[in-house]
Amino acid sequence: MWAFLAVQLLFLLWVIFGASSSSGAPDDCGTLDAQTCNDAESAGTAIGVGLVIFLWALVDIILGISYAVVRLARRP
């Protein structure tokens, strides 16, 4: 139970820090104007957070199946 909650906390922190990383002034935009650079940064952040949430759900499914297998193996 505690391992499951620890994994949940880690993923929650990863999502929060990942979503907050997109704030700030655009740096190193090359030939893009500031608005286009901000839009691209926001889109990249959304894709990154979406991938982390997908990975979170996948890990939860794996943990749930593992828990069920262990629980069934201990059953008399």
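Each remark here, short or long, concerns the structure printed above.
Conventions used here
Residues take numbers from 1 onward in each chain, read along the sequence in its written order. Reporting of local features is limited, given that this is a predicted model, to residues whose pLDDT is at least 70; pairs of side-chain atoms are given and counted only at 80 or more, and all residues count toward the totals for whole chains, interfaces and linings. Hydrogens are left out, water is left out, and the side-chain values use all remaining heavy atoms of the structure. Stacked, edge-to-face and tilted are the three classes for Phe, Tyr and Trp ring pairs, Trp counted by its six-membered ring, which pair at centre distances within 6.5 Å; planes under 30 degrees apart are stacked, over 60 edge-to-face, the rest tilted. A run of H or I in DSSP counts as a helix once it spans at least four residues, and a run of E counts as a strand once it spans at least two, with each numbered from the N terminus. Categorising residues by exposure relies on relative accessible area from a 1.4 Å probe, with only protein chains included: less than 20% of the type maximum marks a residue as buried, more than 50% marks it as exposed, and the intermediate range marks it as partly exposed. To estimate how far a helix should extend, the number of its residues minus one is multiplied by 1.5 Å. Note: the arc covers the axis-to-C-beta directions of the helix. Contacts are assigned to residue pairs that have any heavy atoms within 4.5 Å of one another. Helix axes are fitted to C-alpha atoms over the stretch in contact, other axes to C-alpha atoms as well, and angles between N-to-C directions run from 0 to 180 degrees. Oblique is the label for any angle not under 35 degrees, not over 145, and not in the 65 to 115 range, which are roughly parallel, roughly antiparallel and roughly perpendicular in turn. In this text, buried Ala, Val, Leu, Ile, Met, Phe, Trp, Tyr and Cys residues form a nonpolar core when linked through side-chain atoms within 4.5 Å.

### A word on the packing of aromatic side chains
Reasoning step 1: Inspection of the entire model under this criterion finds two aromatic pairs.
Reasoning step 2: Where Phe11 meets Trp56, the ring centres are 5.9 Å apart and the plane angle is 10°; that geometry is what we call stacked. One end of the pair, Phe11, is in helix H1 (residues 2-20); the other, Trp56, is in helix H2 (residues 34-73), with 45 residues separating them in the sequence.
Reasoning step 3: Given a relative accessible area of 8%, Phe11 falls into the buried group.
Reasoning step 4: Judged by relative accessible area, Trp56 falls into the buried class, the value being 19%.
Reasoning step 5: Among the aromatic side chains, those forming a connected cluster through ring pairs are Phe11, Trp14 and Trp56.

### Some details on H1
Reasoning step 1: Taking 1.5 Å per residue as the helical rise, H1 with its 19 residues ought to reach 27 Å, and the 27 Å between its terminal C-alpha atoms agrees with that figure.
Reasoning step 2: Residues Gln8, Phe11 and Val15 constitute the buried set of H1. Down the axis of H1, the sector holding all buried residues measures 70°, keeping them to one side. Within H1, the exposed residues directed more than 90 degrees away from the buried face are Trp2, Ala3, Leu10 and Phe17.
Reasoning step 3: On its buried face, H1 sits against H2.

### Notes on the packing of H1 against H2
A pair of packed helices is characterised by two quantities: the angle between their axes and the separation of those axes.
Reasoning step 1: Following both chains from N to C, one finds H1 and H2 inclined at 175°, their axes separated by 9 Å at the closest point. Comparing their axes, H2 and H1 come out roughly antiparallel. On H2, the residues that touch Phe4, Val7, Gln8, Phe11, Leu12, Trp14, Val15, Gly18 and Ala19 of H1 are Thr45, Val49, Val52, Ile53, Leu55, Trp56, Val59, Asp60 and Leu63.

### Brief notes about the nonpolar core
Reasoning step 1: Grouped together as the largest cluster of nonpolar side chains are five residues: Phe11, Val15, Val49, Val52 and Trp56.
Reasoning step 2: With three residues, H2 is the largest single contributor of residues to this core.
Reasoning step 3: In contact with Val49, not counting residues within four places along its chain, are Val15, Gly18 and Ala19.

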